[in-house]
Amino acid sequence: MHFLGPETFEEINQIEVFANNIPIIRINELEYIQGEIYANIWQTERIARIDPLTGKVIGWIGLKGLLSPEDNSETVDVLNGIVYDAKNDRLFVIGKFWPKFFEIESSLLF
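The text that follows walks through the structure, step by step, so that each part is easy to find. (Residues numbered from 1 in each chain as written. Predicted model: local features only at pLDDT ≥ 70, side-chain atom pairs only at ≥ 80, totals over all residues. Heavy atoms only, no water.)

### Some words on the nonpolar core
In globular proteins that are soluble, nonpolar side chains generally tend to be buried together.
Turning to step 1, where the next piece is worked out: Counting 15 residues, the largest nonpolar core has Tyr38, Ile47, Ile61, Leu63, Leu91, Val93 and Trp98 as the members making the most contacts within it.
Turning to step 2, where the next piece is worked out: At three residues, the largest contribution of residues to this core is made by strand E9 (residues 79–85).
Turning to step 3, where the next piece is worked out: Every residue in contact with Val93, bar those within four places of it in the chain, is listed here: Ile47, Leu63, Leu66, Leu79, Gly81, Phe101, Phe102 and Ile104.
Turning to step 4, where the next piece is worked out: Counting residues in hydrophobic clusters, the runner-up holds 11 residues, among them Ile37, Ala39, Ile41 and Ile50. (Core = buried A, V, L, I, M, F, W, Y, C linked by side-chain atoms within 4.5 Å. Buried < 20%, exposed > 50% of the residue type's maximum accessible area, 1.4 Å probe, protein only. Helix = DSSP H or I, 4+ residues; strand = E, 2+ residues; numbered from the N terminus. Contact = heavy atoms within 4.5 Å.)

Shown next, in the form of structure tokens:
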């Protein structure tokens, strides 16, 4: 994971993301939430909660089976969107061409 300066976009830091000493690849769609980085792992139904100082995965959010069989179609694709509403402390997820978005209950996160 590369960290860029907000004005120059020059790299200011870099960390490797890992869980159980295994590098995590295909990190996609990042969101900074209450001191952690939430990252969708592309082509999976999981979100990693990452310590931004060490790169260690400190938790997983499993999202398998969010869509019902009726919601699936040929155009429905992978989970790929994370949105955090800081004002109301709410987390939403969506997928590419999904017909719905979902709010994740905070009791499942922390």
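Having seen the structure, we can now continue with the description.
### Re the pattern of salt bridges
Turning to step 1, where the next piece is worked out: Taken as a whole and judged by the stated rule, the model has two salt bridges.
Turning to step 2, where the next piece is worked out: A salt bridge links Glu36 to Arg49; the nearest nitrogen and oxygen atoms lie 2.8 Å apart. Of this pair, Glu36 sits in strand E6 (residues 36–41) while Arg49 sits in strand E7 (residues 46–50); the two residues are 13 residues apart in sequence, bridging distant segments of the chain. One exposure class covers both Glu36 and Arg49, and it is buried.
Turning to step 3, where the next piece is worked out: With its nearest N and O atoms 3.1 Å apart, the salt bridge here joins Asp85 to Arg90.
Turning to step 4, where the next piece is worked out: With relative accessibility at 18%, the residue Asp85 sits in the buried group.
Turning to step 5, where the next piece is worked out: A residue is classified by how much of its surface remains accessible, and Arg90, at 31% relative accessible area, is partly exposed. (Salt bridge = Lys/Arg side-chain N within 4 Å of Asp/Glu carboxyl O.)

### Quick look at the environment of Gly59
Turning to step 1, where the next piece is worked out: Residue placement: Gly59 occurs in strand E8 (residues 57–62).
Turning to step 2, where the next piece is worked out: Here the alpha-carbon distance between Gly59 and Lys100, two residues 41 residues apart in the chain, equals 25 Å.
Turning to step 3, where the next piece is worked out: Discounting residues that sit within four places of it in the chain, Gly59 has contacts with Ile47, Ala48 and Arg49.

### Let's talk about the sheet that holds strand E11 (residues 102–104)
Turning to step 1, where the next piece is worked out: Strand order across the open sheet formed by three strands is E9-E10-E11, with antiparallel pairing between neighbours. Both edges of this open sheet fall to E9 and E11, since each of them pairs with a single strand only. Neighbouring strand axes in the sheet, compared pairwise and without regard to direction, differ in orientation by 30° on average.
Turning to step 2, where the next piece is worked out: Where E9 lies against strand E10 (residues 90–95), six bridges are found, and the strand directions are antiparallel. Counterpart to Val83 in the pairing with E10 is Phe92. (Pairing = 2+ DSSP bridges. Axes fitted to C-alpha atoms, helices over the stretch in contact; angles between N-to-C directions.)

### A look at the pairing of strand E5 (residues 27–33)
Turning to step 1, where the next piece is worked out: In the sheet, E5 pairs with E6 via six bridges, with the strands oriented antiparallel. Bridge pairing in E6 places Ile33 opposite Glu36.
Turning to step 2, where the next piece is worked out: Connecting the antiparallel pair E5 and E6 is a turn made up of two residues, with Gln34 showing a positive phi of about 45°.

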